[in-house]
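Chain and residue survey
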Amino acid sequence: MKPEEIIQRRVARELKPNSLVNLGIGLPTGVARYIDEHANVLFESENGIVGLAAKPPEGMDDPDLTDAGGGTVSAVPGAATIDSAYSFGLIRGGHLDATVLGALEVDENGLLANWVVPGKMVPGMGGAMDLVTGARRVIVAMNHTAKGAPKIVPKCTLPLTSIRRISLIVTDLAVIEPTDEGLVLRERAPGVTVEQIVAATSAKLVIKGDVPEMDLGVAAAAA
Amino acid sequence: MKPEEIIQRRVARELKPNSLVNLGIGLPTGVARYIDEHANVLFESENGIVGLAAKPPEGMDDPDLTDAGGGTVSAVPGAATIDSAYSFGLIRGGHLDATVLGALEVDENGLLANWVVPGKMVPGMGGAMDLVTGARRVIVAMNHTAKGAPKIVPKCTLPLTSIRRISLIVTDLAVIEPTDEGLVLRERAPGVTVEQIVAATSAKLVIKGDVPEMDLGVAAAAA
Amino acid sequence: MKPHLKPEDAAKLVPDGARLMIGGFMGVGSPHRLLDALAQSGKRNLTVIANDTARPGVDIGKLIRAGAVSKLIASHIGLNPETQKAMIAGDIEVELVPQGTLVERIRAGGYGLGGVLTKTGLGTIAAEGQQTVEIDGETWLLAKPLKADFALIAADQADYSGNLQYQLTATNFNPIMALAAQTVICEPREILPVGMISPDVVKTPGVVVDYLIERAA
Amino acid sequence: MKPHLKPEDAAKLVPDGARLMIGGFMGVGSPHRLLDALAQSGKRNLTVIANDTARPGVDIGKLIRAGAVSKLIASHIGLNPETQKAMIAGDIEVELVPQGTLVERIRAGGYGLGGVLTKTGLGTIAAEGQQTVEIDGETWLLAKPLKADFALIAADQADYSGNLQYQLTATNFNPIMALAAQTVICEPREILPVGMISPDVVKTPGVVVDYLIERAA
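This report concerns the structure included in the present document.

Reading the values: rules and limits
- Residues numbered from 1 in each chain as written.
- Chains lettered and ligands numbered in written order.
- Predicted model: local features only at pLDDT ≥ 70, side-chain atom pairs only at ≥ 80, totals over all residues.
- Heavy atoms only, no water.
- Helix = DSSP H or I, 4+ residues; strand = E, 2+ residues; numbered from the N terminus.
- Rg over C-alpha atoms; globule rule 2.2 N^0.38 Å.
- Buried < 20%, exposed > 50% of the residue type's maximum accessible area, 1.4 Å probe, protein only.
- Contact = heavy atoms within 4.5 Å.
- Lys, Arg positive; Asp, Glu negative; His and termini not counted.
- Charge placed at Lys NZ, Arg CZ, Asp CG, Glu CD.
- Pairing = 2+ DSSP bridges.
- Axes fitted to C-alpha atoms, helices over the stretch in contact; angles between N-to-C directions.
- Buried area = accessible area lost by both parts, 1.4 Å probe.
- Salt bridge = Lys/Arg side-chain N within 4 Å of Asp/Glu carboxyl O.
- Polar contact = N/O pair within 3.5 Å; in protein donor to acceptor, adjacent residues only side chain to side chain.
- Expected span 1.5 Å × (residues − 1).
- Parallel < 35°, antiparallel > 145°, perpendicular 65-115°, else oblique.
- Left-handed = near helix turned anticlockwise from the far one by under 90°.
- Nonpolar A, V, L, I, M, F, W, Y, C, P; charged D, E, K, R; others polar.

The helix and strand tally for chain A stands at four helices and 15 strands. The C-alpha atoms of chain A give 17 Å as radius of gyration, which agrees with the globular expectation for 223 residues (17 Å, within 12%). With respect to the principal axes defined by its C-alpha atoms, chain A has extents near 50 × 45 × 30 Å. Per-residue burial for chain A yields a buried fraction of 61% across its 223 residues. For chain A, long-range pairs separated by at least 24 residues make up 61% of all intrachain contacts whose partners lie at least 6 apart in sequence. For chain A, the centre of its 20 positive side-chain charges and the centre of its 27 negative side-chain charges are spaced 6 Å apart.

Turning our eyes to something else, we now look at the sheet that holds strand β7 (residues 132–135) of chain D. The strand order across the open sheet formed by six strands is β7(C)-β8(C)-β6(C)-β6(D)-β8(D)-β7(D), and the pairing between neighbours is antiparallel. Because the sheet does not close on itself, it has two edges, and the strands there are β7 (132–135) of chain C together with β7 of chain D. For this sheet, the mean inter-axis angle between neighbouring strands, taken without regard to orientation, is 35°. Where β7 of chain C and strand β8 (residues 138–143) of chain C come together, four bridges link them in antiparallel fashion. Paired with Thr132 of chain C across the two strands is Leu141 of chain C, which belongs to β8 of chain C.

We now examine the pairing of strand β3 (residues 49–53) of chain B. Residues and elements named next belong to chain B. The element β3 is largely enclosed, with a buried count of four among its five residues. Linking strand β2 (residues 42–45) back to β3 in an antiparallel pair, the connection comprises three residues, with Gly48 at a positive phi of about 125°. Judged from the four bridges that link them, β3 and strand β4 (residues 74–81) form a sheet pairing that is antiparallel. Along β4, the bridge assignment pairs Ile49 with Thr81.

Counting residues at the interface gives 38 residues for chain D, matched by 35 residues for chain A. Together, the buried faces of chain D and chain A total about 2,800 Å²; carbon and sulfur atoms form 63% of this surface. Here chain D is connected to chain A by one salt bridge. One salt bridge connects Lys203 of chain D with Asp83 of chain A, and the closest N-O pair in it is separated by 3.2 Å. Inspection of the chain D/chain A interface yields 17 residue pairs in polar contact (both at pLDDT 80 or more).

Here the focus is helix α5 (residues 99–111) of chain D. All names here are of chain D. For α5, built from 13 residues, the straight-helix expectation of 18 Å at 1.5 Å per residue is met to within 8% by its first-to-last C-alpha distance of 18 Å. α5 sits mainly inside the fold: 13 of its 13 residues count as buried. Directly after α5, the chain includes Gly112, whose backbone phi takes a positive value near 75°.

The next thing to look at is the packing of helix α2 (residues 84–92) of chain A against α5 of chain D. Where α2 of chain A meets α5 of chain D, the closest approach of the two axes is 9 Å, and the angle between their N-to-C directions is 130°. Comparing their axes, α5 of chain D and α2 of chain A come out oblique. Considering only the axes of α2 of chain A and α5 of chain D, their crossing is left-handed. Here Ser84, Ala85, Phe88 and Arg92 of chain A of α2 of chain A lie close against α5 of chain D, whose contacting residues are Gln99, Gly100, Thr101, Val103 and Glu104 of chain D. Taken together, the residues of the contact of α2 of chain A with α5 of chain D break down into three nonpolar, four polar and two charged.

This part covers the sheet that holds strand β15 (residues 205–206) of chain A. Residues and elements named next belong to chain A. Overall, mixed pairing links the 10 strands, which are arranged β4-β3-β2-β1-β5-β8-β12-β13-β14-β15 in an open sheet. Strands with a single pairing partner mark the edges of an open sheet, and in this sheet they are β4 (74–81) and β15. Of the pairings in the sheet, the one linking strand β5 (residues 98–101) to strand β8 (residues 137–141) comprises four bridges and is parallel in character. Note that in β8 the partner of Leu101 across the bridge is Val140.

Residues and elements named next belong to chain B. Tracing the backbone shows Pro17 in the loop between α1 (3–12) and β1 (20–23). Considered as a pair, Pro17 and Val41 are 24 residues apart in the sequence and their alpha carbons are 5.3 Å apart. When near neighbours in sequence (up to four residues on either side) are disregarded, Pro17 contacts Ala39 and Val41.

On to the pairing of strand β5 (residues 98–101) of chain B, then. All names here are of chain B. The two faces of β5 match: Ala98 and Val100 on one face and Thr99 and Leu101 on the other face are all buried. In the sheet, β1 pairs with β5 via three bridges, with the strands oriented parallel. Across the sheet, the residue bridging to Asn22 is Thr99, located in β5.

Further remarks concern the interface of chain B and chain D. Taken together, the contact between chain B and chain D spans 16 residues of the former and 18 residues of the latter. Both sides together, the interface formed by chain B and chain D hides about 1,300 Å², and carbon and sulfur atoms give 60% of it. When the buried surface of chain B facing chain D is broken down by residue, Thr81, Tyr86 and His95 of chain B rank first, second and third, together holding 37% of it. Between chain B and chain D we count zero salt bridges in total. Put simply, the parts of the chain that give the side of chain B that touches chain D at least two residues each are β4 and α2 (84–92) of chain B. Residue composition of the side of chain B that touches chain D, by class: 10 nonpolar, five polar and one charged.

Written as structure tokens, this is what we have:
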């Protein structure tokens, strides 16, 4: 299984039936593929839609129905479109059950940096600060390292996205939960050892007893 | 002509073509009768409609189409209905060209009291404070006196509706404009003398030269 | 599909002492059947946040008459002498708030804002005891957010998933309150299959609605 | 009837140095023809308030490429490298604002609020130099109102009196900006006789719109 698929499958299992979820552009978007369609997880996009669905069939797209990256999408029956103020009312008012987004760094305090590399990359925060500050659960979905360098670090060196602690980190190696005691290692990816995770992490990890393997919702043989 | 009609006719002449106007319940509502229908003055009501029109024919009213007093109304073609937040966005954001409302007292500083008589009448301010603070022009339409007592006073004894100076006072006796110099007597009602106005006013009036008679937009004979 | 209830069963969800937002403007756009059931259910000590209390014995006026309300946050009670009497007698604690400020406070509660700054009421007795904020030498009044345990709202149409559409001046506070309460109960005029309300006409996405009141038997 | 203009004539209304709000999200729901005309008109020193600058040479990206913009207030410029280059070169002064804060600031401008209080950005570099407000021991960030000389917006349908209706995700910032500018110019997809848009579907009452862009010849 590709690292991306491990992350996406594992994140998918975090999303509760009947919840409202925002998936960031890129890797997080792919999480939708692995959601049980009967779970009635509703996706929203901050540009103004509740009930986002996958890309439309070729030639059936509408330029006025897009996601936050500007790409055309489709929608589920019962979707609602909203203006930007209402959209961020949902996000900031605690109506969004979960947001799934990427990170440049996460640190021991569970703080996230994902919007700027000063002097190099200044794309703007878009809705990231609102999402990380306002969503009920903030789930970081990312590769554990970038070009071999740990992304889970003692203290973020890059500017923070929010001073609010995120809820969960899901990588291709591990599931880690920021808590008052620090970053608790909850699960290992299939075939990955605790030692490998520790080696790939520069932050201190709290390890309590046996660390189980991730349940990816697939038969062991298929994995 | 009845005192009420004098006031309503004179206020009607203050309302500019293509403007958006809020008329208070009661005497101000009757101003609409005297507006030239080609002037395209648009009326709004703070309970959520732009394009309010007169009462519907008997049996043709809809319980979901009402004014701020809860009475059924009709609407002009091109009316728009809005929620309460948007409604007060129009009022407070400077989009309302004029509000016409009654007063208990107006004082030499052009300040208005119209929402409460402590210990006696506590109806609540409803939208009055928003209207007086937010509308571009605030026009007070009222009888000059109440049971013989002046309502235009040196200083309001009742709690203020706003610390913002109103734009114009139109009564059955006079048109008075609050200015930096004080309350300037602009016009007299037909047949009323300056002396009569001064006698009915406990506030100091600024009187400059000749005070013309109100133009009520009716032929002299009809008046 | 959104859970759906009879008015009397919805009333049972509301405990004594609950804090309620109730949609409507002089009863127009209020959840009439739900208020009936609530008034009959013998609740006590309710806090009601609403524009007004309608007229005596009508809509929210029913709750007032039933003695169910101990605290009221509203902009206008002038057309309900029973509310005024109860206030003067000390039976109901009344906080009067300018209407535009009231709706912004409810919106702030629903939108996760710490408050909004307004000129309305500044320097009047309606601002007494309230915090002001200086910005660039100008003084503004802080309007703090309002939230509630329940929003009892009315809509014109709902679909099975709880998407709501409102009509004419029955809209008023309803869509704003739908975001500001823990539990949202909506009484729609009619309930339709999913897909029958255009996404652009939906004013309250069903995801924020918890219960629909069933049509009258 | 609302005055109606060709895009090139509307562009003439905008002077050099004007402060513009421009609707759209990555170009979706932007007034395409009006932006074309504006980019071709050789304006200079414009301040643009918008969610983003689309992609290079597209919609607002056209104004960037034409060198018309000297100041930008936006939430995201990541998909337009030309904007980033101009920012780094010092040709465009860029203020980056969290998207939810940006839209609330525009709304506050249009609604006559002195600002709103938010947690978004608090404690980050995006809050540097900004005022905070303490309420009941809690710290909030003050988001100050934004206003503009012109709002250049797009709508799906307009009627002759300027009532506007928006479609799907082309809605975004358009209805909010329609209240926050001195002069509002709207480019609708189609223009209909008065009465053909239901009052409940109108999202921007015509009374706040100043000009409509005529349909393409």
